[in-house]
Amino acid sequence: MPDATILAFDFGRKRIGVAIGTTIIGQARALTTLIAERRENREAEITALIREWQPQELVVGLPVHIDGKEHEMTQNARAFAAWLEERFLLPVRLIDERLTTQVAQSLLEENGVYGEKARAVRDAVAAQIILQAYLDERETNELF
């Protein structure tokens, strides 16, 4: 899919990190963190983002234990991905997100971002890491 815009989500019950990237450049960037505990508010914000950015594909981080075993949040992320696919009729890819939140936190600390300021952007940075991994994997697969 040449020159496709992709939105990625780091799903959480209280916060959802969002990142954007394109296949032509192959780079992701943090976009925003949605703070919406009520489902209808969250759905409205996601709908607005999809209308604004017009992605051709969506990526959702799939949380699993370090050993790869699934847990409650894995099922929540799968349900979120299924809702996205059904609601927006776009392909949705699930990407292993093990340790992305910890990596995002470390990156923020390395750049002098701590506390509330870090918490406000950590999930968007985690979504960026998830999307970058997906873009890198796509590029590698296209080379071979």
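A short tour of the structure in this document, coming up. (Residues numbered from 1 in each chain as written. Predicted model: local features only at pLDDT ≥ 70, side-chain atom pairs only at ≥ 80, totals over all residues. Heavy atoms only, no water.)

Notes on the layout of surface pockets
Size it by volume and the largest pocket reaches roughly 200 Å³. Taken together, 11 residues line the largest pocket, and the ones lying closest to its centre are Phe11, Gly12, Arg15, Met73 and Asp123. Taken together, the residues of the lining of the largest pocket sort by class into three nonpolar, two polar and six charged. (1 Å grid on protein atoms, 1.4 Å probe; cavity = no way out; pocket = protein on both sides within 12 Å on 5 of 7 lines; lining within 4 Å. Points joined across faces, edges and corners; volume = space filled by probe spheres on them. Nonpolar A, V, L, I, M, F, W, Y, C, P; charged D, E, K, R; others polar.)

Observations regarding the environment of Ile66
Examined against the element boundaries, Ile66 turns out to sit in the loop between strand E4 (57–62) and helix H2 (72–88). Between the C-alpha atoms of Ile66 and Glu97, which are 31 residues apart in sequence, the distance is 9.9 Å. (Helix = DSSP H or I, 4+ residues; strand = E, 2+ residues; numbered from the N terminus.)

Some thoughts on helix H1 (residues 39–53)
A rise of 1.5 Å per residue sets the reference length of H1, with its 15 residues, at 21 Å; its end C-alpha atoms lie 21 Å apart and thus fit the reference within 8%. Elements that come into contact with the buried residues of H1 comprise strand E1 (5–10), strand E2 (15–22), strand E3 (27–35), E4 and H2. Directly beyond the C-terminal end of H1, a positive phi value near 50 degrees is found at Gln54. (Expected span 1.5 Å × (residues − 1). Contact = heavy atoms within 4.5 Å.)

So, H2
End to end, H2 covers 24 Å across 17 residues, agreeing with the expected 24 Å (1.5 Å per residue, within 8%). Every buried residue of H2 is accounted for by Met73, Thr74, Ala77, Phe80, Ala81, Leu84 and Phe88. Buried residues of H2, seen end-on, are gathered within an arc of 125 degrees and therefore sit on one face of the element. Relative to its buried face, H2 has exposed residues pointing more than 90 degrees away, namely Glu72 and Glu86. Taken together, the buried residues of H2 touch E1, E2, H1, E4 and strand E5 (92–96). Of the residues one or two after H2, Leu89 is the one with positive phi, at around 55 degrees. (Buried < 20%, exposed > 50% of the residue type's maximum accessible area, 1.4 Å probe, protein only. Arc of directions from axis to C-beta.)

So, the pattern of salt bridges
On inspection of all chains with the given rule, the structure shows seven salt bridges. Where Arg13 meets Glu72, a salt bridge forms, and the shortest distance between an N and an O atom there is 2.7 Å. Here Glu72 lies in helix H2 and Arg13 lies in the loop between E1 and E2, a separation of 59 residues in the sequence. The exposure class assigned to Arg13 is partly exposed, which follows from its relative accessible area of 45%. Residue Arg38 is joined to Glu40 by a salt bridge in which the shortest nitrogen-to-oxygen separation is 2.4 Å. Relative accessible area serves as the criterion here: at 52%, Arg38 is assigned to the exposed category. One salt-bridge network, held together by shared partners, links Glu57, Arg93 and Arg138. (Salt bridge = Lys/Arg side-chain N within 4 Å of Asp/Glu carboxyl O.)

Examining the sheet that holds E1
Sheet architecture is open: five strands sit in the order E3-E2-E1-E4-E5, paired in mixed fashion. Here the strands that pair on one side only, and so sit at the sheet edges, are E3 and E5. Here the strands of the sheet are splayed against their neighbours by 25 degrees on average, with no regard to which way each runs. Of the strand pairs in this sheet, E2 and E3 are connected by eight bridges, and their pairing is antiparallel. The partner of Arg15 across the bridge, within E3, is Ile35. Sheet strands in contact with H1 are E1, E2, E3 and E4, and its direction is about 150 degrees off that of E3. Sitting on the sheet, H2 touches E1, E2, E4 and E5, and the angle it makes with E4 is about 170 degrees. (Pairing = 2+ DSSP bridges. Axes fitted to C-alpha atoms, helices over the stretch in contact; angles between N-to-C directions.)

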